[in-house]
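# Overview (structure and organization)
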Amino acid sequence: MSRTATIERNTKETKIRVTLELDGTGKGEIDTGIGFFNHMLEGFTRHGLFDLKAMCQGDVQVDSHHSIEDMGIVLGTAIKEALGDKKGIVRYGSCMLPMDETLAMCAIDLSGRPYLVFDAPFKGEMVGGMDTQMAREFFYAVSYAAGMNLHLKVLYGENDHHMMEALFKAFAKALDAAVRIDPRITDVLSTKGTL
């Protein structure tokens, strides 16, 4: 069974279409209108081995906020829809990811209960055309739309580009681990019987 979802969201601020294949090979077609954000989503796609088509037309003449936050909502919704009833998934995933001087950590529980803990000491206001504050907003939107408990932390680092990229790649690797099917799990991995 293909674990794929296509989600569209159209508002006065953004027009977004995302197709996500959880069991992909790392192929991406990404155009958000924000070069550095494209780079982050390309890293997420490649390192998570997801296939992702993500197109966004947003009001970037205002700033990057609406495009990045709304992309988080749409990607989170696509993750949730592609997972279906969550039968057989490992549910938990984590990754400790180094990138040069930076070490980042991500831990995920696909519990159906959204929560975000985010700790990243960015030094500047922007990386490329992306406001560094928008990293938290993106992951907040993903976690709430997907129903995901998500913890992200930069343990240490100096370069904002490295810190941001390490977070996106750690997220990719942790999500890849959490969505995997384990044949020993015949229902959902919960004593409640539901996720």
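To be clear, the structure that these remarks concern was listed above.
Residues numbered from 1 in each chain as written. Predicted model: local features only at pLDDT ≥ 70, side-chain atom pairs only at ≥ 80, totals over all residues. Heavy atoms only, no water.

### Things to note about the pattern of salt bridges
Enumeration according to the criterion identifies eight salt bridges in this entry. Residue Asp 176 pairs with Arg 180 through a salt bridge whose shortest N-O separation is 2.7 Å. On the basis of relative accessibility, which here comes to 44%, the residue Arg 180 falls in the partly exposed class. (Salt bridge = Lys/Arg side-chain N within 4 Å of Asp/Glu carboxyl O. Buried < 20%, exposed > 50% of the residue type's maximum accessible area, 1.4 Å probe, protein only.)

### Structural notes on the packing of aromatic side chains
Applying the stated criterion across every chain yields a total of nine aromatic pairs. For the ring pair Phe 138 and Phe 139, a centre distance of 5.1 Å and an interplane angle of 70° mean the geometry is edge-to-face. With respect to class, Phe 138 is no different from Phe 139; both count as buried. Each ring, one from Phe 139 and one from Phe 171, has its centre 5.3 Å from the other, and the planes form 75°; the classification is edge-to-face. Taken together, the residues Phe 139 in helix H3 (residues 133–146) and Phe 171 in helix H4 (residues 160–179) connect sequence positions 32 residues apart. Phe 139 sits in the buried class, given a relative accessible area of 0%. Aromatic rings pair up to connect Phe 37, Phe 44, Phe 50, Phe 118, Phe 138, Phe 139, Phe 168 and Phe 171 into one cluster. (Phe/Tyr/Trp six-rings, centres within 6.5 Å; stacked < 30°, edge-to-face > 60°. Helix = DSSP H or I, 4+ residues; strand = E, 2+ residues; numbered from the N terminus.)

### Concerning the side chain of Thr 102
With respect to the secondary-structure elements, Thr 102 resides in strand E6 (residues 102–109). The contact partners of Thr 102, leaving out residues within four places of it in the chain, are Leu 97, Val 154, Tyr 156, Gly 157, Glu 158, Asn 159, His 162, Met 163 and Ala 166. (Contact = heavy atoms within 4.5 Å.)

### Some points on the environment of Gly 157
Along the polypeptide, Gly 157 turns up in the loop between strand E10 (149–156) and H4. Put simply, Gly 157 and Lys 123 are 34 residues apart on the chain and 9.9 Å apart in space, counted from C-alpha to C-alpha. If we ignore the near neighbours within four places in the chain, the residues touching Gly 157 are Glu 101, Thr 102, Lys 123 and Met 163.

### Notes on the environment of Val 188
Tracing the chain through its elements places Val 188 in the segment after H4. The buried category is assigned to Val 188, whose relative accessible area is 12%. As a C-alpha pair, Val 188 and Asp 85 span 103 residues in sequence and 8.1 Å in three-dimensional space. Ignoring anything within four residues of it in the chain, the contact list for Val 188 reads Asp 85, Lys 86, Lys 87, Gly 193, Thr 194 and Leu 195.

### Some words on helix H2 (residues 65–83)
Two residues of an α-helix separated by three or four positions point the same way, owing to the 3.6 residues in each turn. For H2, which comprises 19 residues, the first-to-last C-alpha distance of 27 Å matches the rise-based estimate of 27 Å (1.5 Å per residue) to within 8%. Phi for Gly 84, located one or two positions after H2, is positive at around 60°. (Expected span 1.5 Å × (residues − 1).)

### Digging into the sheet that holds strand E2 (residues 14–21)
Taking strand neighbours across the sheet as the criterion, the four strands line up as E1-E2-E4-E3 in an open arrangement whose pairing is mixed. Edge positions in the sheet fall to strand E1 (4–10) and strand E3 (28–31), since each of these pairs with one other strand and no more. Averaged over all adjacent pairs, the angle separating strand axes in this sheet is 5°, with direction ignored. Of the pairings in the sheet, the one linking E2 to strand E4 (residues 51–58) comprises eight bridges and is antiparallel in character. Looking at the pairing, Thr 14 lines up with Gly 58 of E4. The strands touched by helix H1 (residues 35–48) within the sheet are E3 and E4, with E3 carrying the most contacts at an inclination of about 160°. Together, E1, E2 and E4 form the strand contacts of H2, whose direction differs from that of E2 by roughly 35°. (Pairing = 2+ DSSP bridges. Axes fitted to C-alpha atoms, helices over the stretch in contact; angles between N-to-C directions.)

### Structural notes on the nonpolar core
Among the nonpolar cores identified, the biggest contains 61 residues, and Ile 108, Phe 138, Met 148, Phe 171 and Leu 175 are the most heavily contacted of them. Ranked by the residues each element gives to this core, the list is headed by H4, at twelve residues. Contacts of Phe 138, omitting those with residues within four sequence positions, involve Phe 37, Leu 41, Ile 68, Met 71, Gly 72, Leu 75 and Phe 168. (Core = buried A, V, L, I, M, F, W, Y, C linked by side-chain atoms within 4.5 Å.)

### Looking at the state of the cysteines
Going through the model one piece at a time under the given rule, you end up with zero disulfides. Free of any disulfide, Cys 106 has its nearest neighbouring cysteine sulfur in Cys 95, separated by 7.6 Å. (Disulfide = S-S within 2.5 Å.)

Shape is all these values report; function is a separate question.
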